[in-house]
Amino acid sequence: MSEPDDLLAAIEALEAKLQQARGSITRRFIGQERVVDLTLSTLLCGGHGLLVGHPGLGKTRLVETLSTVMGLDGNRVQFTPDLMPADILGSEVLDTGADGSRAFRFVPGPVFCQLLMADEINRASPRTQSALLQAMQEHQVTVAGEDRPLGHPFHVLATQNPIEQEGTYPLPEAQLDRFLFQIDVPYPTRDTERAILLTTTGTQEGAAHQVFTAADLIAAQQLLRRMPVGDSVVEMILDLVRAFRPDEPGVSDRVAQTVAWGPGPRAAQALMLAVRARALLQSRLAPNAEDVLDMALPVLSHRMQLSFAARARGDSLSELIETTATKLAQGGIAA
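The structure reproduced in this document is the subject of the present report.

Remarks on unusual backbone geometry
For step 1, the next point in the chain: Between His152 and the following residue, Pro153, the backbone shows a cis peptide bond with an omega angle of 0°.
For step 2, the next point in the chain: Within the secondary structure, Pro153 sits in the loop between strand S7 (146–149) and strand S8 (155–160).
For step 3, the next point in the chain: Its identity as a non-glycine residue notwithstanding, Gln32 has a phi of 50°, on the positive side.
For step 4, the next point in the chain: Residue placement: Gln32 occurs in the loop between helix H1 (3–25) and helix H2 (33–44).
For step 5, the next point in the chain: Look at His139: it is not a glycine, yet its phi comes out positive at around 55°.
For step 6, the next point in the chain: Along the chain, the position of His139 falls in the loop between helix H5 (126–138) and strand S6 (140–143).
For step 7, the next point in the chain: With a relative accessible area of 28%, His139 lands in the partly exposed category.

Section: the state of the cysteines
For step 1, the next point in the chain: The tally for this structure, following the rule as stated, stands at 0 disulfides.
For step 2, the next point in the chain: In this model Cys45 remains outside any disulfide bridge; the closest cysteine sulfur is found in Cys113, 19 Å from its own.
For step 3, the next point in the chain: Given the relative accessible area of 5%, Cys45 is considered buried.

Some details on helix H12 (residues 289–300)
For step 1, the next point in the chain: Here H12 contains 12 residues, and its C-alpha end-to-end distance of 16 Å stays within 8% of the 16 Å for a straight helix at 1.5 Å per residue.
For step 2, the next point in the chain: Buried within H12 are the following residues: Asp291, Val292, Met295, Ala296, Pro298, Val299 and Leu300.
For step 3, the next point in the chain: On the buried face of H12, the contacting elements are H2, strand S9 (181–184), helix H9 (231–242), helix H11 (265–281) and helix H14 (317–329).
For step 4, the next point in the chain: With a side-chain oxygen positioned 3.1 Å from the backbone nitrogen of Glu290, the residue opening H12 is Asn288.

Re the pattern of salt bridges
Note on pairing: side chains with opposite charge can pair once their charged atoms come close.
For step 1, the next point in the chain: What the rule picks out here adds up to 18 salt bridges.
For step 2, the next point in the chain: The partner of Arg76 in a salt bridge is Asp119, and the shortest N-O contact between them spans 2.5 Å. Placement of the pair is Arg76 in strand S2 (residues 74–78) and Asp119 in strand S5 (residues 115–119), with a sequence separation of 43 residues.
For step 3, the next point in the chain: Overall, Arg76 belongs to the partly exposed group, its relative accessible area being 45%.
For step 4, the next point in the chain: With a closest N to O distance of 2.4 Å, Glu319 and Arg254 form a salt bridge. Of this pair, Glu319 sits in helix H14 while Arg254 sits in helix H10 (residues 253–258), and the two are 65 residues apart along the sequence.
For step 5, the next point in the chain: Given the relative accessible area of 33%, Glu319 is considered partly exposed.

A word on the packing of H12 against H14
For step 1, the next point in the chain: With their axes 10 Å apart at the nearest point, H12 and H14 run at an angle of 145° to one another. As for the relative orientation of H12 and H14, their crossing is right-handed in sense. The residues of H14 that touch H12, namely those facing Leu293, Ala296, Leu297 and Leu300, are Ser318, Ile321, Glu322, Ala325, Thr326 and Ala329.
For step 2, the next point in the chain: Within the contact of H12 with H14, the residues separate by chemical class into 7 nonpolar, 2 polar and 1 charged.

Thoughts on the nonpolar core
For step 1, the next point in the chain: In this structure, Leu66, Met70, Leu240, Leu271 and Leu300 are the most contacted members of the largest nonpolar core, which totals 72 residues.
For step 2, the next point in the chain: Take this core: its biggest share by element is 11 residues, from H11.
For step 3, the next point in the chain: Leu300 has contacts with Leu240, Val241, Phe244, Pro263, Ala267 and Ile321, leaving out every residue within four places of it along the chain.

Points about the packing of aromatic side chains
For step 1, the next point in the chain: One pass over the structure, following the stated rule, counts 1 aromatic pair.
For step 2, the next point in the chain: For the pair Phe106 and Phe112, a centre-to-centre distance of 5.7 Å together with 70° between the ring planes defines the contact as edge-to-face.
For step 3, the next point in the chain: The class for Phe106 is buried, based on a relative accessible area of 18%.
For step 4, the next point in the chain: Positioned above the aromatic ring of Phe212, the side-chain terminus of Lys17 is 5.4 Å from the ring centre.

A closer look at the sheet that holds strand S1 (residues 49–52)
For step 1, the next point in the chain: Reading across the sheet, the 5 strands line up as S2-S5-S8-S1-S9 and stay open at both edges, with parallel pairing between neighbours. In this open sheet, the two strands that pair with only one neighbour each are S2 and S9. Sheet twist, expressed as the average angle between the axes of neighbouring strands with direction ignored, equals 20°.
For step 2, the next point in the chain: Pairing of S1 with S9 involves 4 bridges; the strand directions are parallel. Counterpart to Val52 in the pairing with S9 is Asp184.

Rules and cut-offs
Along each chain, numbering runs from 1 in the same order as the chain's sequence is written. Note on the predicted model: pLDDT of at least 70 is required for a residue's local features to be given, and 80 or more for side-chain atom pairs to be given and counted; whole-chain, interface and lining totals, by contrast, use all residues. Side-chain measures were taken over the full set of non-hydrogen atoms in the model, leaving aside hydrogen atoms and water. Helix and strand assignments follow DSSP, with helices taken as H or I runs no shorter than four residues and strands as E runs no shorter than two, numbered in order from the N terminus. Residue exposure (1.4 Å probe, protein chains only): buried if accessible area is under 20% of the type maximum, exposed if over 50%, otherwise partly exposed. In plain terms, two cysteine sulfur atoms within 2.5 Å form what is called a disulfide here. Multiplying one less than the number of residues by 1.5 Å gives the expected span of a helix. By the convention used here, residues are in contact when the closest approach between their heavy atoms is within 4.5 Å. Here a polar contact means two N or O atoms within 3.5 Å. Within protein one must be a hydrogen donor candidate and the other an acceptor candidate, and residues neighboring in sequence count only if both atoms are side-chain atoms. A carboxyl oxygen of Asp or Glu within 4 Å of a side-chain nitrogen of Lys or Arg is what we treat as a salt bridge. Note on definitions: angles span 0 to 180 degrees between N-to-C directions of axes, and those axes are lines fitted to C-alpha atoms, for helices only across the stretch in contact. Here a crossing is taken to be left-handed if its near helix is turned anticlockwise relative to the far helix by less than a right angle, and right-handed if that turn runs clockwise. The residue classification treats Ala, Val, Leu, Ile, Met, Phe, Trp, Tyr, Cys and Pro as nonpolar and Asp, Glu, Lys and Arg as charged. All others, Gly included, are polar. Residues belong to one nonpolar core when they are buried, are Ala, Val, Leu, Ile, Met, Phe, Trp, Tyr or Cys, and are joined through side-chain atoms within 4.5 Å. Here is the rule: rings of Phe, Tyr and Trp (six-membered ring for Trp) pair when centre to centre is within 6.5 Å. Planes less than 30 degrees apart are stacked, more than 60 are edge-to-face, and the remainder are tilted. By definition here, charges over rings are those cases where NZ of Lys or CZ of Arg is within 6 Å of the ring centre and within 35 degrees of the ring normal. Strand pairing is defined by DSSP finding a minimum of two bridges between the two strands.

In structure tokens form, the structure reads like this:
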């Protein structure tokens, strides 16, 4: 069998497995199909996700279910203002042997896993938040001068409550950029909420089952990077990312007047992976322009910032992204 045929067969097999995983997840996390697809895409792309939503919308339940379905060793950390870096990374303790000898022993923290849930990450101090930076980028941490590798694969799914401001520390831009997607978790529809009520308040509740293993997920991540992407999609990704940089030549007047700083090359890399993941989840062999439009908001919304004047006017970043992306798809981004 030729290499293209091998790739086609592997993609079709992965598509079938992803449909099983999606069905297993929705037994415990009812509805919210887009949220499920974006979190699955996060893992397929080998990245990290920031789940933003009000309390009680099932963010923790979703991450726990993902850990089961994807066969990953998961840990959860509840971030609080008094949490210290050592509480996440681990620390060395002095052990005394039976013969009176003493030696340091490393006690690993919860970051040593394959799927870490960082619950309410904006409640921790900047010092503790920064302890995750090296882990998220390099998949290793340095403790007591020694580099210690994390689980393989390694993913962080962090949650953030958008309505709480007291006692919180906004994530710095450098750390936000490490998240592949910002996944907004909205309120469920009426029909979905009815299904949640009937399913979760009875004597029996739907259970998720394992579909993937860690090795399966690693193979899927490698396969995703082999998916072909057409030149037109690549050019559209470049045009879209560069359209939000206020100092870029030819940028629209609206962007130049409302955007303080725009997305960097990491945003283009994330969008390149994201469109492949969306195509996979929709049982297609290659991404198209629709994928770029659909993934623009979760990829770009946390990688750019409106100016102070634009925020004071009440301008919407999400509306700006969607409008600019739509104009680009229609053949122009002029103001």
